[in-house]
Amino acid sequence: MKFFFDYEKTELASIFDPPFRATQIYKGVYQRSFDDFELMTDLPKPSRASFSEEWNIKLPSVHRRFDSIDETRRYLVRLEDGELAETVYIPEENRDTICISSQIGCALACTFCLTGQLGLTRNLTPGEIVTQALIAQRENTSSRGFNIVLMGMGEPLHNYDNVMKAIRILHDEDGLNMSMSRITLSTAGLLPAIKRLAGEPMIPNLAISLTGATNEKRNELMPINRRYPIEQLLDAIRRFPLKHRQRVTFEYVLLRGITDAPEDALHLVKLVKGIRAKVNLIPFNEAEELNYRRPPDAVVERFQQILIHHNISAFVRKNRGNDISAACGQLKKKWADEPQNVSFSH
Ligand code: SAH
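Residues numbered from 1 in each chain as written. Predicted model: local features only at pLDDT ≥ 70, side-chain atom pairs only at ≥ 80, totals over all residues. Heavy atoms only, no water.

Digging into the overall build of the chain
Reasoning step 1: A count of helical and extended segments in the chain gives eleven helices and 15 strands.
Reasoning step 2: The C-alpha atoms of the chain give a radius of gyration of 21 Å, which matches the 20 Å a tight globule of 346 residues would have.
Reasoning step 3: Looking at the chain as a whole, 55% of its 346 residues qualify as buried.
Reasoning step 4: Considering only intrachain contacts with a sequence separation of at least 6, the fraction spanning at least 24 residues in the chain is 66%.
Reasoning step 5: Of the roughly 15,800 Å² of accessible surface on the chain, a fraction of 49% belongs to carbon and sulfur atoms.
Reasoning step 6: If you average the places of the 45 positive and of the 44 negative side-chain charges in the chain, the two averages end up 4 Å apart. (Helix = DSSP H or I, 4+ residues; strand = E, 2+ residues; numbered from the N terminus. Rg over C-alpha atoms; globule rule 2.2 N^0.38 Å. Buried < 20%, exposed > 50% of the residue type's maximum accessible area, 1.4 Å probe, protein only. Contact = heavy atoms within 4.5 Å. Areas by Shrake-Rupley, 256 points an atom, 1.4 Å probe, with all protein chains shown as cover. Lys, Arg positive; Asp, Glu negative; His and termini not counted. Charge placed at Lys NZ, Arg CZ, Asp CG, Glu CD.)

If you want it as structure tokens, here you go:
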């Protein structure tokens, strides 16, 4: 069986005869949520039967769902080989956010990230990435609309081809029809892949995880920096094509006593100056396995004020879904020690 969600419409058009079946089925699956060809009454009856034998159009099942008191939801999506992909749904005032994973585990080993402690198990396929968004969207029908962020497990640019294909599928006008401005790809800074991304016809919003503001600090926290040092990374960002009013996002994790000093803020100002950017400050989400602490609120605020004082837009990211291990950097594959005071379904 072929997994329908792994395929772009153009690929399907070269497989199906007549080619417009690709559009019909795309609309049926993505827009009308059909999971059975028999429901697609605009297809000839004999084709429905033969498509059913060849194509899987069912969404993967939800192995477990965790509901936070702040209404954030974390999903463990069961994949064909039994691996679990993590997806987080975050309702917000104006627009919801769906945070999806691009890999099982991660190879980058950032010292402050739980996923980084796992190592890499495997890349997700385009369909495994796309269906996470579909599951979260369909389980949470709200009229607000949603953004998709590739900030779950994994380094999206380490799985470049599958991630870009998934983005094109999500963008297809006969599919979910997601605008590129509603999709954000977050990377730890894989320089060659950022350069490649800059040449794509379709480019999502770009978020760069900085955290260390000097090579010395960043080398410690994010080993990828030893390969692609900060000046080279920032140089590529300066050349990155941006649309009218578009900005690059820098994510900066505040680790108590390590990245939260006024001096660090001033280093960050120097790096970011002159780039059309905003900075998202993420107070460290604590976990037993990680030897870091979150700074007190006053320190977070002081850090933010220094950036603002230097005319840099800086926002503090609210900590969501902490009680269900759904917060940034908490996604991990150990379920045995899940917190007990949460409600699950499925
Ligand atoms: N590999 C990609 C995307 C996944 S990480 C990247 O590095 O951008 C998504 C974000 O979570 C990154 O900005 C990362 O710095 C942040 N993060 C990781 N662990 C964290 C933690 N324990 N507390 C707060 N943020 C964390």
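Observations concerning the packing of aromatic side chains
Aromatic rings considered in pairs are described by the distance between their centres and by the relative angle of their planes.
Reasoning step 1: One pass over the full model with this rule turns up 13 aromatic pairs.
Reasoning step 2: Between F4 and Y26 the ring centres are 5.8 Å apart and the planes differ by 55°, which places this aromatic pair in the tilted class. In this pair, F4 sits in the loop between β1 (2-3) and α1 (9-15) while Y26 sits in helix α2 (residues 21-31), placing the two residues 22 residues apart along the sequence.
Reasoning step 3: A relative accessible area of 0% places F4 in the buried class.
Reasoning step 4: Centre to centre, the rings of F4 and Y30 are 6.2 Å apart; their planes meet at 40°, and the pair counts as tilted. (Phe/Tyr/Trp six-rings, centres within 6.5 Å; stacked < 30°, edge-to-face > 60°.)

Let's talk about the pairing of strand β5 (residues 84-90)
Reasoning step 1: With seven of seven residues buried, β5 is to be regarded as a mostly interior element.
Reasoning step 2: Residues of β5 alternate between two faces, with L84, E86, V88 and I90 on one and A85, T87 and Y89 on the opposite face, all of them buried.
Reasoning step 3: Sheet analysis places strand β4 (residues 73-78) next to β5, joined by six bridges and oriented antiparallel. Within the sheet, the bridge partner assigned to V77 lies in β5 and is A85.
Reasoning step 4: Counting the residues that bridge the hairpin from β5 to strand β6 (residues 96-99) gives five residues. (Pairing = 2+ DSSP bridges.)

Quick notes on the state of the cysteines
Formally, a disulfide is one covalent bond, and it connects the sulfur atom of one cysteine to the sulfur atom of another.
Reasoning step 1: On inspection of all chains with the given rule, the structure shows zero disulfides.
Reasoning step 2: Free cysteine C113: the closest other cysteine sulfur is in C110, separated by 6.2 Å.
Reasoning step 3: The exposure class of C113 is buried, given its relative accessible area of 18%. (Disulfide = S-S within 2.5 Å.)

Details of the pattern of salt bridges
Reasoning step 1: This structure, assessed with the given rule, holds 21 salt bridges.
Reasoning step 2: When the shortest N-O distance is used, the salt bridge between R48 and E38 registers 3.4 Å. Of this pair, R48 sits in helix α3 (residues 45-54) while E38 sits in the loop between α2 and α3, and the two are ten residues apart along the sequence.
Reasoning step 3: Residue E38 is classed as partly exposed on the basis of its relative accessible area, which comes to 34%.
Reasoning step 4: A salt bridge links E286 to R293; its shortest N-O distance comes to 3.9 Å. (Salt bridge = Lys/Arg side-chain N within 4 Å of Asp/Glu carboxyl O.)

Some words on the domain arrangement of the chain
Reasoning step 1: Parsing the chain into structural domains produces domain 1 (2-55) and domain 2 (61-345).
Reasoning step 2: Relative placement of domain 1 and domain 2: their C-alpha centres are 33 Å apart.
Reasoning step 3: With 14 residues of domain 1 in contact, the opposing surface of domain 2 contributes 16 residues.
Reasoning step 4: Roughly 1,300 Å² is buried in total at the junction of domain 1 and domain 2, and carbon and sulfur atoms are behind 50% of that figure.
Reasoning step 5: Three residues, D6, E8 and Y30, lead the burial of domain 1 against domain 2; their summed loss comes to 41% of the area buried on that side.
Reasoning step 6: The interface formed by domain 1 and domain 2 contains five salt bridges.
Reasoning step 7: For E8, the salt bridge goes to R168, with nearest N and O atoms at 2.9 Å.
Reasoning step 8: There are 13 residue pairs in polar contact (both at pLDDT 80 or more) connecting domain 1 and domain 2. (Domains from an automatic or database assignment. Buried area = accessible area lost by both parts, 1.4 Å probe. Polar contact = N/O pair within 3.5 Å; in protein donor to acceptor, adjacent residues only side chain to side chain.)

Re helix α4 (residues 126-139)
Reasoning step 1: Compared with the 20 Å implied by 1.5 Å per residue over 14 residues, the 20 Å span of α4 between its first and last C-alpha is a close match.
Reasoning step 2: Most of α4 is tucked away, with eleven of its 14 residues classed as buried.
Reasoning step 3: All of the buried residues in α4 are P126, G127, E128, I129, V130, T131, Q132, A133, L134, I135 and A136. (Expected span 1.5 Å × (residues − 1).)

Overview of the nonpolar core
Reasoning step 1: F112, F250, V279 and L307 are the most contacted members of the largest nonpolar core, which has 103 residues in total.
Reasoning step 2: Counting residues domain by domain, this core receives three or more from each of domain 1 (2-55) and domain 2 (61-345).
Reasoning step 3: Excluding anything up to four places from it in sequence, F112 contacts T211, L221, M222, V253, L255, F284, L290 and Y292.
Reasoning step 4: Counting 13 residues, the second-largest nonpolar core is a separate cluster that includes F66, V149, A326 and L331. (Core = buried A, V, L, I, M, F, W, Y, C linked by side-chain atoms within 4.5 Å.)

Some thoughts on the confidence of the model for the chain
Reasoning step 1: Looking at the chain, the pLDDT average stands at 93 and 96% of residues meet or exceed 70.
Reasoning step 2: Per-residue pLDDT stays below 50 along residues 336-346; that stretch engages in 23 contacts with residues further than four places along the chain or on separate chains. (pLDDT = per-residue confidence, 0-100.)

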